[in-house]
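# Architecture and fold: a report
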Amino acid sequence: SVGSKLDSTLAPPGYHVIHAYTAGNEPYEDWEQFEHLMDDAVARDKDEAYQAFKDERAKPIWDAIQKRAPRVVKGACVVEKVATPLTHARFLSRHRGNYGLAIAPGNSEGWTFPDVKTPIEGYYRCGDSTTSGIGVPAVASSGAVCANAIMSVWDQLELNSKIKMP
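A quick note: this is a predicted structure, and the numbers were derived from the prediction, not measured.

Conventions used here
- Residues numbered from 1 in each chain as written.
- Predicted model: local features only at pLDDT ≥ 70, side-chain atom pairs only at ≥ 80, totals over all residues.
- Heavy atoms only, no water.
- Helix = DSSP H or I, 4+ residues; strand = E, 2+ residues; numbered from the N terminus.
- Rg over C-alpha atoms; globule rule 2.2 N^0.38 Å.
- pLDDT = per-residue confidence, 0-100.
- Buried < 20%, exposed > 50% of the residue type's maximum accessible area, 1.4 Å probe, protein only.
- Contact = heavy atoms within 4.5 Å.
- Salt bridge = Lys/Arg side-chain N within 4 Å of Asp/Glu carboxyl O.
- Core = buried A, V, L, I, M, F, W, Y, C linked by side-chain atoms within 4.5 Å.
- Phe/Tyr/Trp six-rings, centres within 6.5 Å; stacked < 30°, edge-to-face > 60°.

The number of helices and strands found in the chain is six helices and zero strands. Seen in sequence order, the chain has helices and strands lined up from the N terminus as α-α-α-α-α-α. Against the compact-globule benchmark of 15 Å for 166 residues, the chain has a radius of gyration of 20 Å, which places it well outside the compact range. Expressed as lengths along the three principal axes of its C-alpha atoms, the size of the chain is roughly 55 × 45 × 30 Å.

Here's what the structure looks like:
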């Protein structure tokens, strides 16, 4: 997504902000060799093997971006932030850098995604730990599921029509 296309204040004039991510199924085992760098930003920045591995793993996202925006190339960006499973473990307290709730359909354990309803009447659960994915898309979709548990889509649309946006 290019948020600065909707809100030009997100980037200086002549620049844009691009937010892109992949499926988030990166095996943590591949990153274990760099765990010793998790709490040392200076060491991470200086570690050539870590930076090369990160660049290698980010290449598919750069390839995808360039298909949609050919002039956006690695090296032309003023600021580039690439998150890894180690990033998710460090900043989001995600076990082994997992990317949202990982429950395989038809799994042998019989696990399912948590229901939005709880035993407490009027108390619902939502967020990216209750559905697949991570971040804003997962939170938004789980919020929609909660809204559907509270009232019908038609009631929601009626309420939305009463909201006046500037």
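That covers the picture; the talk isn't over yet.
Take the confidence of the model for the chain next. Per-residue pLDDT for the chain averages 86, and the proportion of residues at 70 or more is 94%. Ranking the helices and strands of the chain by mean pLDDT puts helix H2 (residues 41–46) first, with 93, and helix H4 (residues 85–92) last, with 85.

By the secondary structure assignment, Phe34 is in the loop between helix H1 (3–6) and H2. The exposure class assigned to Phe34 is buried, which follows from its relative accessible area of 5%. With 22 residues separating them along the chain, Phe34 and Pro12 place their C-alpha atoms 35 Å apart. When residues no more than four places from it in sequence are discounted, the contact partners of Phe34 are Asp47, Ala49, Tyr50, Phe53 and Leu86.

What follows covers the pattern of salt bridges. Going through the model one piece at a time under the given rule, you end up with six salt bridges. Glu29 is the salt-bridge partner of Arg96, the closest N and O atoms lying 3.2 Å from each other. Of this pair, Arg96 sits in the loop between H4 and helix H5 (135–150) while Glu29 sits in the loop between H1 and H2, and the two are 67 residues apart along the sequence. Under the relative-accessibility criterion, Arg96 is labelled partly exposed at 32%. Between Lys162 and Glu158 there is a salt bridge; the shortest N-O distance is 4.0 Å.

Glancing now at the nonpolar core. Counting nine residues, the largest nonpolar core is built from Tyr28, Trp31, Phe34, Leu37, Met38, Tyr50, Phe53, Leu86 and Ala89. Sequence-distant contacts of Leu37, that is, excluding residues within four places in its chain, are made with Ala43, Arg44, Asp47 and Tyr50.

Below, the discussion takes up the packing of aromatic side chains. Enumeration according to the criterion identifies five aromatic pairs in this entry. Note on Trp31 and Phe53: the rings are 4.6 Å apart at their centroids and 65 degrees apart in plane angle, and the pair reads as edge-to-face. A residue pair is termed long-range when its members are at least 10 positions apart, and Trp31 in the loop between H1 and H2 and Phe53 in helix H3 (residues 48–68) qualify at 22 residues. You'll find Trp31 and Phe53 in the same group, each marked buried. Here the aromatic cluster, defined as three or more aromatic residues joined through ring pairs, consists of Trp31, Phe34, Tyr50 and Phe53.

Quick look at the environment of Ala149 now. Mapped onto the elements of the fold, Ala149 is located in helix H5. Under the relative-accessibility criterion, Ala149 is labelled partly exposed at 26%. Separated by 34 residues in sequence, Ala149 and Asp115 have C-alpha atoms that sit 9.8 Å apart.

What follows is about the side chain of Thr84. Looking at the secondary structure, you find Thr84 in the loop between H3 and H4. Overall, Thr84 belongs to the buried group, its relative accessible area being 3%. Not counting residues within four places of it along the chain, the set of residues in contact with Thr84 comprises Trp31, Tyr50 and Lys54.

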